[in-house]
Amino acid sequence: MDVNSYEIEELVKKVLGELSGVKSPNRSVSNQAIPTKAHVAYLTALEKFEVKEVDVPPVGDDDILVKVEGCGICGTDAHEFRKDPFGLIPVVLGHEGTGEIIKMGKNVKLDSAGKPLNIGDKVVTCMIFKDNPDITMFDLNKQNVGGADVYGLLKDDDPNNHLKGWFSDYILIKGGSTVFNVSDLDLESRILIEPCAVLIHAVERAKTTGILRFNSRVVVQGVGPIGLICVAVLRTLGIENICAVDGNNKRLEFAKKMGATKTVNFTEYKGIEALSGAVKDAFDGHLADFAFQCTGAPGGHSNIYKFIRNGGGLCELGFFINGGDATINPHFDICSKEITIVGSWVYTLRDYATTFDFLKRSQAIGLPMKELITHKFPLAEINEAMQVNLRQEGFKIAIVNK
Ligand SMILES: NC(=O)c1ccc[n+]([C@@H]2O[C@H](COP(=O)([O-])OP(=O)(O)OC[C@H]3O[C@@H](n4cnc5c(N)ncnc54)[C@H](O)[C@@H]3O)[C@@H](O)[C@H]2O)c1
Ligand SMILES: [Zn+2]
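A brief report on the enclosed structure follows.

**Brief notes about the site of ligand 1**
Gly222, Gly224, Ile226, Gly296 and Phe320 are the nearest of the 29 residues found near ligand 1. Counting residues per element, the shell around ligand 1 draws most heavily on helix H4 (residues 225-237), which supplies three residues.

The structure is reproduced here in structure tokens:
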């Protein structure tokens, strides 16, 4: 008999599991029934999702069938819902999803970080690589996700497979996708992986300036979900002198729970002099060494230079979509102050892997990461969930299946 090392490992795990009373997961047989039908939330028109029943496609030798547990709603989903800027309608959205492997092809053995994959494991996906050999599953450092395909933002152009987004009860992960085994994270953490990776990347970009240091004074402007996670990442990194700037007191209060030491409500100050004075007061008379711009507001970009000291640094990550032009004075804002600026755009696979550790560490130091998910809706109520998201009634809104 040809016994390979994988089978030996599984046998050892099984024996050890039986000795300790813990059942080892079976590689190929799920205790979940394999369905023939699935339910997907189709965005069929602007502001209209319809939950439809579709066939579950065959699972190929390199594919994975996942039972979806939940998926966060992202700002990009809100843009699609309202305006369809990517021209995807009809489409199954949802890219911040996670779920359990219930079936996989015989060639699937390891995740994109080299960790074994088994039936019953909890997974997330990242990018889908088709033709670019430079970005491979084995080089986690190369390139960011910009331009790559992701589940939940794919055209519904295959008549035999409609399981391409996470707003569904099943999703088919095709061979060639990146997939991570995150069974050691709870459901809420898994739903937060994608937005957290955006901030891991932004902080990595900020570090390249050499200005962001252990003792830095840091402004985080805009404390929606993105800015709130920014505060948490900085705090987890050991940076404790953080001033959050926003116009929403509820968000500013939560920023304090996430680790901001000071907050400034910009609506309470008339003119940029008074506003930058408030930021200076928050740092006991100093301007910030570094600032993260986490609003999509051009006025926010114009303002932020005034919060930064001579020789300081700025990470601009708020303009994921084109929010229009922003006015600055290059003489005062950049040149004479010698500001170092970095832009940040999504993440690399390496950032994704780092995010898993960040999520564990942030909770270990007591940051209320899970409280970021303020609302959970079943798939059938996705239209309402989207409206709650548009009204900015919470922080992160998630679809969670039973
Ligand atoms: N770089 C990336 O890869 C990336 C990824 C995801 C999202 N984003 C962008 O990050 C931004 C923030 O995302 P979010 O989900 O937190 O959005 P959000 O709209 O929930 O939060 C933005 C916050 O900025 C505040 N704000 C608006 N104008 C302000 C001003 N002039 N000064 C101070 N605060 C102001 C708002 O009150 C709000 O709380 C978005 O514009 C989004 O497109 C970027
Ligand atoms: Zn997103």
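**Notes on the packing of H4 against helix H9 (residues 349-364)**
Packing of H4 against H9 brings their axes to within 10 Å, and their N-to-C directions diverge by 80 degrees. Viewed along their axes, H4 and H9 adopt a mutual orientation that is roughly perpendicular. Here H4 contributes Ala232, Val233 and Thr236 to the contact with H9, which in turn contributes Phe358, Arg361 and Ser362. When the residues that make up the contact of H4 with H9 are grouped by side-chain class, the tally is three nonpolar, two polar and one charged.

**Focus on the sheet that holds strand S14 (residues 308-316)**
In spatial order, the strands read S12-S11-S10-S13-S14-S15; together these six strands make up an open sheet with parallel pairing. For this open sheet the edge positions go to strand S12 (262-265) and strand S15 (340-343), each flanked by a neighbour on one side alone. Ignoring strand direction, the axes of neighbouring strands in this sheet form an average angle of 20 degrees. Summarising the sheet, strand S13 (residues 288-293) and S14 pair through five bridges and their orientation is parallel. Note on S14: the bridge partner recorded for Gln293 is Glu316. Strands S13, S14 and S15 of the sheet are contacted by helix H3 (residues 187-207), whose axis makes an angle of about 145 degrees with S14. Strand contacts of helix H5 (residues 249-257): strand S11 (241-246) and S12, with the helix running at about 170 degrees to S12, the strand carrying the most contacts.

Calculation rules
Residues numbered from 1 in each chain as written. Chains lettered and ligands numbered in written order. Predicted model: local features only at pLDDT ≥ 70, side-chain atom pairs only at ≥ 80, totals over all residues. Near = placed C-beta within 6 Å. Helix = DSSP H or I, 4+ residues; strand = E, 2+ residues; numbered from the N terminus. Axes fitted to C-alpha atoms, helices over the stretch in contact; angles between N-to-C directions. Parallel < 35°, antiparallel > 145°, perpendicular 65-115°, else oblique. Contact = placed C-beta atoms within 7 Å. Nonpolar A, V, L, I, M, F, W, Y, C, P; charged D, E, K, R; others polar. Pairing = 2+ DSSP bridges.

Coordinates in, geometry out; function isn't part of it.
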